[in-house]
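# Secondary and tertiary structure notes
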Amino acid sequence: MPRDNKSPLIQKIAKQASVTFKGFKCAANGDNNVVADKQSELISLVTAVRAADLKIAPRKPKASSAAAGLQNPPVTYMHICETEVFSMGVFLLPTGASIPLHDHPGMNGMLKVLYGKVSVRCFDKLDDDLTASTVLPHFEPPLAPFQTASLRRSVLRSVEEYSENSGPCLLTPVRDNLHQIDAVEGPAAFLDILAPPYNPDDGRDCHYYKVVHTVTEDGMDGKNNREQQGGEKEKGEETWLLEIPQPEDFWCGGEPYPGPVVTV
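The present account deals with the structure reproduced in this document. It should be emphasised that the depicted structure is a prediction, and the values quoted were computed from it without experimental measurement. (Residues numbered from 1 in each chain as written. Predicted model: local features only at pLDDT ≥ 70, side-chain atom pairs only at ≥ 80, totals over all residues. Heavy atoms only, no water.)

### Quick word on the overall build of the protein chain
Per the secondary structure count, the protein chain includes 4 helices and 14 strands. Classification of the 264 residues of the protein chain by burial places 43% in the buried group. Counting only contacts in the protein chain whose residues sit at least 6 apart along the sequence, the fraction spanning at least 24 positions is 85%. Total accessible area on the protein chain is roughly 14,300 Å²; 50% of this is exposed by carbon and sulfur atoms. (Helix = DSSP H or I, 4+ residues; strand = E, 2+ residues; numbered from the N terminus. Buried < 20%, exposed > 50% of the residue type's maximum accessible area, 1.4 Å probe, protein only. Contact = heavy atoms within 4.5 Å. Areas by Shrake-Rupley, 256 points an atom, 1.4 Å probe, with all protein chains shown as cover.)

### Here's the deal with the side chain of Thr20
One can find Thr20 in helix H1 (residues 9-21). Given the relative accessible area of 7%, Thr20 is considered buried. Leaving out residues up to four positions away in the same chain, Thr20 has contacts with Lys38, Gln39 and Leu42.

### What to know about unusual backbone geometry
With an omega of 0°, the peptide bond between Glu140 and Pro141 qualifies as cis. Of the consecutive residues Ala195 and Pro196, the connecting peptide bond is found in the cis state with omega at -10°. Even without a glycine there, the phi angle at Asp176 is positive, about 55°. Here Asp176 is to be found in the loop between strand S8 (169-171) and strand S9 (178-183). Its identity is not glycine, yet Glu185 carries a phi of approximately 60°, on the positive side.

### Describing the sheet that holds S8
The mixed open sheet is built from 6 strands, whose spatial order is S8-S4-S10-S2-S1-S14. The sheet is open, and its two borders are formed by S8 and strand S14 (252-255), each paired with just one other strand. Each adjacent strand pair in this sheet contributes to an overall mean axis angle of 25°, direction not counted. Strands in contact with H1 are strand S1 (75-82), strand S2 (87-93), strand S4 (108-115) and strand S10 (188-195); relative to S10, the strand with the most contacts, it is inclined by about 30°. (Pairing = 2+ DSSP bridges. Axes fitted to C-alpha atoms, helices over the stretch in contact; angles between N-to-C directions.)

### Here's the deal with the packing of aromatic side chains
Enumeration over the complete set of coordinates arrives at 4 aromatic pairs. Grouping aromatic residues by their ring pairs yields a cluster made of Tyr77, Phe91 and Phe190. (Phe/Tyr/Trp six-rings, centres within 6.5 Å; stacked < 30°, edge-to-face > 60°.)

### Observations concerning H1
With 13 residues, H1 extends 18 Å from end C-alpha to end C-alpha; this agrees with the ideal 18 Å at 1.5 Å per step. Taken across its 13 residues, H1 has 10 buried, putting it largely inside the fold. Considered for burial, the residues of H1 that qualify are Leu9, Ile10, Gln11, Ile13, Ala14, Gln16, Ala17, Ser18, Thr20 and Phe21. (Expected span 1.5 Å × (residues − 1).)

### Notes on the side chain of Thr172
Secondary-structure assignment places Thr172 in the loop between S8 and S9. What makes Thr172 buried here is its relative accessible area of 10%.

### Digging into the pairing of S10
Taking burial as the measure, the 8 residues of S10 include 8 buried ones, the bulk of the element. The pairing of S2 with S10 spans 7 bridges and is antiparallel. In the sheet register, Leu93 faces S10, and the bridge partner there is Ala188. Bridge analysis of S4 against S10 gives 7 bridges, and the strand direction is antiparallel. Its bridge partner being in S10, Gly109 is matched across the sheet by Leu194.

### Some words on the pattern of salt bridges
All told, the structure shown has 7 salt bridges when counted by the stated rule. Taking the shortest distance from any N to any O, the salt bridge between Lys125 and Asp103 comes out at 3.6 Å. Taken together, the residues Lys125 in strand S5 (residues 117-125) and Asp103 in the loop between strand S3 (98-102) and S4 connect sequence positions 22 residues apart. Here Lys125 falls in the partly exposed class, since its relative accessible area comes to 32%. (Salt bridge = Lys/Arg side-chain N within 4 Å of Asp/Glu carboxyl O.)

Set out below in structure tokens:
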């Protein structure tokens, strides 16, 4: 896509994000086709962005030490802009870093890799209406009774790798809304757009999850049993997630954004 020298590409992205998501109702029953139509222009702009457009250079892996590990955050974030409509910034992941499985309640989002490569594992929640009559599978290790209320039925929707040459990874309130992001083969950075932004006061807090393993009636691990029968865990297969506190070994630090000033 040709660059317009009068306006930095990141400014165009911010302006288009504001237009795209202003007044957009992030309802749980949102139409994915409508979402795709509204975002087509924004997707085109985001697909074209590169690290150089934000004056960001790929980071070289740093020598690690036990002392440094206690001080350096696992992931850092460069804030670019935020309005009531959307937020935009850059996440930087060192080699081996991971952003744990988390959700985006009632939100749409785009993730565009600027350098490096990331693996994104996406889940969809099915329903949270677990009752006393709900028949739960057997979990290994077993869950405590109080943890039942934190269980969520879901499906593994996709597992994909993205690089700077890939288009953006998209999420909606009902599709690919939960994801885990892992740096692959070195450090990585990605542009992140969320609409609307996280806001705990408006019901949009971030929740963390872990996959809990199930066992069959005869005590065999569900995955191992499937493999013995000639199959394996498939995308779209029901998966049980357990909501957990933010992992103690994960937090996000801040870094100054070095790119063009963005106004919205």
